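Examination of the molecular architecture
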Amino acid sequence: MPRKKYIKAERSRKLEKEMLTCTLCGFCKSVCPCFEDDQWDPSVARGKVILAYGLSRKEIPVDESVVERLYQCTTCKDCERRCPSNIRVVDIVEAARADLVEAGCILPAHKKVIENVRKTKNPYGETRVVDFGLPVRKADIGYFVGCTARYRQPEIAEHTISLLTKLKVDFTLVNEVCCGTTLQRIGAKEKDYVRLMKANVDAAKKLGIKKMIFTCAGCVRMFKEQYPKYVDVPFEVEHLVQFLAKQDLKMRPFPKRITYHDPCHLGRHLGIYDEPRKVIQMIPEAKFVELAENKEAARCCGGGGGVRAADPKAAQRIASRRVKSASDIADIMVTACPFCVSNLRLGNELVKIDIEIKDIAVLVDELLVA
Ligand code: SF4
Ligand code: SF4
């Protein structure tokens, strides 16, 4: 990256008026997981708004520290909940990131992610074929596995397939590629993720899918909120928890204390809070316990928004605080996103709390009576 330069910042410029409504009150400090981690003002929402404004007005030149700070955001949206000016911080951060990438200012880890998706259609750069033993065929219901469940947490995909089979759902897998969330979060070029959107929608259309089920919070948010801005989505989009909440689930008794971590992209971004709780409460003899910070106020796991790729240590520290908050209250921490499962487990390597961290699909399938 050149040592000092001013950039065009066309996307950020469109949000300048909104940036000017930041009163610098600092309410965002109380919730930002990145600020909590390093306690430095440029890491909090208002610091990023100032940086984005400075880039847009050509008052701040880009250097490595500016790029690093703008990538210290998990896109968790918690600051927006606290912001009295209703500033769309995530949109501002993502616009500034897209401007940086457009100008060729990108962190090496994110450059690698973009290259991986271009070459292999997944952010991990995996070339393996993962066979879940199901043919891709015409069906009304599709299961979109997502890259993290496919390549990093396959037990989530396996248990989802198993539980849908036990529930006698006529479903198919899809010839899917990455949903594009990572690319969009880190500011990759629009054409790169729109290409993926088109490929996924075309693959679903060919199979006649009327409803697509997801186990990843990032994927489902993409299809629900972002895809319709770029492509026609001619099928219903549902997270597995929404599907399961409507079923009469017969599960074995499980006399343990269970808590639930709300993934930011499922909770604050899509407002899905009640369904996972309803599913957990269907488990006989289980005691559901809420974390102190739950639903709209849930703390982030720390992995999203490209933070895990760019700064895995920070992602781990943030996750460790979330896991610690469950100590003493629960035997098992359930969530509904493979990326959260992965990051929370990473966090627990630091604090070593005696708690199981599990995806809800795995737990339900283990208990479901066929
Ligand atoms: S809460 Fe909103 S208005 Fe207050 S400092 Fe943060 S971004 Fe600015
Ligand atoms: S979206 Fe989350 S990580 Fe990003 S600035 Fe707001 S609170 Fe911090």
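Residues numbered from 1 in each chain as written. Chains lettered and ligands numbered in written order. Predicted model: local features only at pLDDT ≥ 70, side-chain atom pairs only at ≥ 80, totals over all residues.

As for helix α17 (residues 312–324)
- Spanning 13 residues, α17 covers 18 Å between terminal C-alpha atoms, matching the ideal 18 Å at 1.5 Å per step.
- Among the residues of α17, those classed as buried are Ala314, Ala315, Gln316, Ile318, Ala319, Ser320, Arg322 and Val323.
- Contacts made by the buried residues of α17 are with α3 (33–38), α16 (307–310), β7 (332–335) and α18 (338–351). (Helix = DSSP H or I, 4+ residues; strand = E, 2+ residues; numbered from the N terminus. Expected span 1.5 Å × (residues − 1). Buried ≥ 20, exposed ≤ 12 C-beta atoms within 10 Å, placed from the backbone. Contact = placed C-beta atoms within 7 Å.)

A word on the site of ligand 1
- Taken together, 16 residues lie around ligand 1, and Cys22, Cys25, Cys28, Arg46 and Cys83 are the ones closest in.
- Take the shell around ligand 1: its biggest share by element is 3 residues, from helix α4 (residues 45–56).
- Residues belonging to the shell around ligand 1 are distributed by class as follows: 11 nonpolar, 3 polar and 2 charged. (Near = placed C-beta within 6 Å. Nonpolar A, V, L, I, M, F, W, Y, C, P; charged D, E, K, R; others polar.)

Let's talk about the domain arrangement of the chain
- In terms of domain boundaries, the chain breaks down into domain 1 (10–106), domain 2 (141–245) and domain 3 (257–367).
- Each of domain 1 and domain 3 has a C-alpha centre, and the two are 26 Å apart.
- If you list the elements that add at least two residues to the side of domain 1 that touches domain 3, you get α3 and α6 (78–82).
- Looking at the side of domain 1 that touches domain 3 residue by residue, the class counts come to 4 nonpolar, 3 polar and 4 charged. (Domains from an automatic or database assignment.)

Things to note about the pairing of strand β4 (residues 236–239)
- In the sheet, strand β3 (residues 211–214) pairs with β4 via 4 bridges, with the strands oriented parallel. In the strand pairing of β4, Phe214 is matched with His239.
- A crossover links β3 with its parallel partner β4, the connecting element being helix α13 (residues 217–230), and its sense is right-handed. (Pairing = 2+ DSSP bridges. Right-handed = clockwise from strand over helix to strand, strands pointing away.)

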